[in-house]
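Listed here are the chains, written in short residue letters.
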Amino acid sequence: MAKEEETRPDKKKKKRKKVVGKPRSWVISLWVVACLLLLMGLVAGGTGFYIWSKLKPMPSGAVKEVTISKGMSANSVSRLLEENGIIRSGVIFGYYLKLKDEGSRFQAGVYELKPGMDNSEIIAKLNGGDTIAAETFRFTIPEGYTLLQIADKLAAEGIVDRNKFLELAESKTAWGDVEAVRSIPESDKLHKRLEGYLFPETYEMKTGSTEQDIILRMLKETDRKLGLLPDGWQDTLEESGRSIHELLTIASLIEREVVVDEERSLVSGVIYNRLKLPMRLQIDATIQYALDVPKQVLTHADLKVDSPYNSYENDGLPPGPIASPSLASIEAALYPAETDYLFYVTKKDGSQTHLFAKTFKEHQRNIEASNNGQ
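Reading the values: the criteria
Residues numbered from 1 in each chain as written. Predicted model: local features only at pLDDT ≥ 70, side-chain atom pairs only at ≥ 80, totals over all residues. Heavy atoms only, no water. Buried < 20%, exposed > 50% of the residue type's maximum accessible area, 1.4 Å probe, protein only. Helix = DSSP H or I, 4+ residues; strand = E, 2+ residues; numbered from the N terminus. Pairing = 2+ DSSP bridges. Axes fitted to C-alpha atoms, helices over the stretch in contact; angles between N-to-C directions. Parallel < 35°, antiparallel > 145°, perpendicular 65-115°, else oblique. Left-handed = near helix turned anticlockwise from the far one by under 90°. Contact = heavy atoms within 4.5 Å. Nonpolar A, V, L, I, M, F, W, Y, C, P; charged D, E, K, R; others polar. Phe/Tyr/Trp six-rings, centres within 6.5 Å; stacked < 30°, edge-to-face > 60°. Polar contact = N/O pair within 3.5 Å; in protein donor to acceptor, adjacent residues only side chain to side chain. Salt bridge = Lys/Arg side-chain N within 4 Å of Asp/Glu carboxyl O. 1 Å grid on protein atoms, 1.4 Å probe; cavity = no way out; pocket = protein on both sides within 12 Å on 5 of 7 lines; lining within 4 Å. Points joined across faces, edges and corners; volume = space filled by probe spheres on them.

Draft legend 1. View of the pairing of strand β2 (residues 109-113). The alternating pattern of β2 places Gly109, Tyr111 and Leu113 on a buried face, while none of Val110 and Glu112, on the opposite face, is buried. Looking at chain direction, strand β1 (residues 64-68) and β2 are connected through five bridges and run antiparallel. By the bridge assignment, Glu65 is partnered in β2 with Glu112.

Draft legend 2. Highlighting the packing of helix α10 (residues 244-257) against helix α11 (residues 264-276). The interhelical angle for the contact between α10 and α11, taken along N-to-C directions, is 125 degrees, at an axis separation of 10 Å. Taken together, the axis directions place α10 and α11 in an arrangement best described as oblique. Helix-helix and strand crossings are classified by hand; for α10 and α11 the assignment is right-handed. Two secondary-structure elements touch here, α10 through Ile250, Leu253, Ile254, Glu255 and Glu257 and α11 through Arg264, Val267, Ser268, Ile271 and Tyr272. Class assignment of the residues belonging to the contact of α10 with α11 gives a composition of six nonpolar, one polar and three charged.

Draft legend 3. Seen up close, the packing of aromatic side chains. A complete count under the given rule lists seven aromatic pairs for this structure. Through successive ring pairs, a cluster of aromatic residues spans Phe137, Phe139 and Tyr203.

Draft legend 4. Molecular detail of the side chain of Asp302. Within the secondary structure, Asp302 is located in the loop between α12 (284-291) and α13 (327-334). Of note is the side chain of Asp302, whose polar atom sits 2.8 Å from the side chain of Lys295. A polar atom in the side chain of Asp302 sits 2.9 Å from the backbone nitrogen of Thr299. Sequence-distant contacts of Asp302, defined by excluding residues within four places in its chain, comprise Ile287, Leu291, Lys295, Val297 and Asn310.

Draft legend 5. Spatial organisation of the pattern of salt bridges. Summed over all chains, the structure comprises 16 salt bridges. For Arg224, the salt bridge identified is with Glu221, shortest N-O distance 2.9 Å. A residue pair is termed a helical-turn pair when its members lie 3 or 4 positions apart in one helix, as Arg224 and Glu221 do in helix α8 (residues 211-226) at three residues. Residue class for Arg224 comes out partly exposed when judged on its relative accessible area of 45%. Under the relative-accessibility criterion, Glu221 is labelled buried at 2%. Note that Lys225 and Glu221 form a salt bridge whose closest N and O atoms lie 2.3 Å from each other. On the criterion of helical spacing, the pair formed by Lys225 and Glu221 is a turn pair, its members being four residues apart in helix α8. Among the charged side chains, a network of salt bridges with common partners joins Glu201, Arg217, Glu221, Arg224 and Lys225.

Draft legend 6. How the structure looks around the layout of surface pockets. Estimated volume of the largest pocket: approximately 1400 Å³. Looking at the largest pocket, it is lined by 38 residues, and the ones nearest its centre are Glu257, Asp284, Leu298, Tyr312 and Thr346. For the lining of the largest pocket, the secondary-structure elements that each account for two or more residues are α10, α11, α12, β5 (343-346) and α14 (360-371).

Draft legend 7. Spotlight on the side chain of Ser329. Within the fold, Ser329 resides in helix α13. Here Ser329 falls in the buried class, since its relative accessible area comes to 0%. At a separation of 2.7 Å, a polar atom in the side chain of Ser329 contacts the side chain of Glu255. Every residue in contact with Ser329, bar those within four places of it in the chain, is listed here: Ala251, Ile254, Glu255 and Arg264.

Draft legend 8. Here's a closer look at the environment of Tyr272. Here Tyr272 lies in helix α11. Owing to a relative accessible area of 12%, Tyr272 belongs among the buried residues under this scheme. Along the sequence, Tyr272 and Glu338 sit 66 residues apart, while their C-alpha atoms lie 9.4 Å from each other. Look past the residues within four positions of Tyr272 in its chain and what remains in contact with it is Arg242, Ile250, Ala333 and Pro336.

Draft legend 9. Structural view of empty space enclosed by the protein. For the coordinates displayed, the defined rule picks out two cavities of 30 Å³ or more. Lys54, Leu55, Lys56, Pro57, Met58, Ile86, Ile87, Arg88, Ser89, Phe93, Met117 and Asn119 together form the lining of the largest cavity. Considered class by class, the residues forming the lining of the largest cavity number seven nonpolar, two polar and three charged. Of the volumes computed, that of the second largest cavity is approximately 30 Å³. Surrounding the second largest cavity, Pro308, Tyr309, Asn310, Ser311, Asn314, Asp315, Gly316, Leu317 and Pro318 form its lining. Along the lines of polarity and charge, the residues of the lining of the second largest cavity split into four nonpolar, four polar and one charged.

Draft legend 10. Broad picture of unusual backbone geometry. Here Leu277 and Pro278 are connected by a cis peptide whose omega angle stands at -5 degrees. Its location among the elements puts Pro278 in the loop between α11 and α12. You will see that Asp101, though not glycine, has its phi angle at about 55 degrees, which is positive. Despite not being glycine, Trp175 has its phi angle at roughly 55 degrees, a positive value. Assignment of secondary structure puts Trp175 in the loop between α7 (162-170) and β4 (202-206).

The values are spatial; any link to function lies outside them.
Structural data, given as structure tokens:
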């Protein structure tokens, strides 16, 4: 048996080989997706961290003054804040503003901002216009002051250069969108071009304001005050046939002649009555203006002074205002009292009121009564 087995050819045992196949495609895809997701997560996380770090408040530091100019875009403001060390990144802050729909309401001005403020604080401050109060100065122009008196007062207070102020007041500057000055006639008879157009008021202006700034502010105040007159005043003026320039001229005469408010419309009525006749105004205040240096008592020689403003020697109104009238005088010039009065004289009893008369004879009696202290 053994022999027989030996005579059989050797039979090699076949071994099965393990075949390692290629990875299936879905496994690869899953792996790629996982890697991409991981990469995207890392990028998103990194980006998020970067943005977060750039939006973090700066380390606390000293307060800085930052000036936001009018019309500045949100991106420009963002860059300015970065330049001043208030925020970390102007670009990122700009995108943050867009995301929050902020930046369109930022107000111009000078702000005190401090490194360490968070974004919401900065935005709230710029939206609210919480600016530094500008350093200012105040000055008062009394009612009835002439342009020369205004220049002298402001120069004495160190606010303007007198010569520069007067030169500007004489110039034919357009003065922007100011309305009233457009009624000033082109006339070589005008003593001071802007006389009567610089409104008497207490003003507060920024320190460093120039002579031009001050004049423009006062001219704008005249426009504003005219806007406070009763509704329909422009129609009333047009019906009277007078211009704004003539209105201010009459108002200035009233201002220099009257102290007691109740008499303003009465004196206005006398002026209009004389103009209608016609009859020369013979107002002493016009002589005082023509002399430039006011006098306590006028002489007969003064009444003959050669000036277009001399209402004793010339018919009608003077070429222009003789002082800065108050709103009360302007209103009185617009709405004169309807009377037959042609004369008035100041009482010499200290009351600063007047005695009015319809005739010259009555006026003479009033003068006598005034001299007697009645």
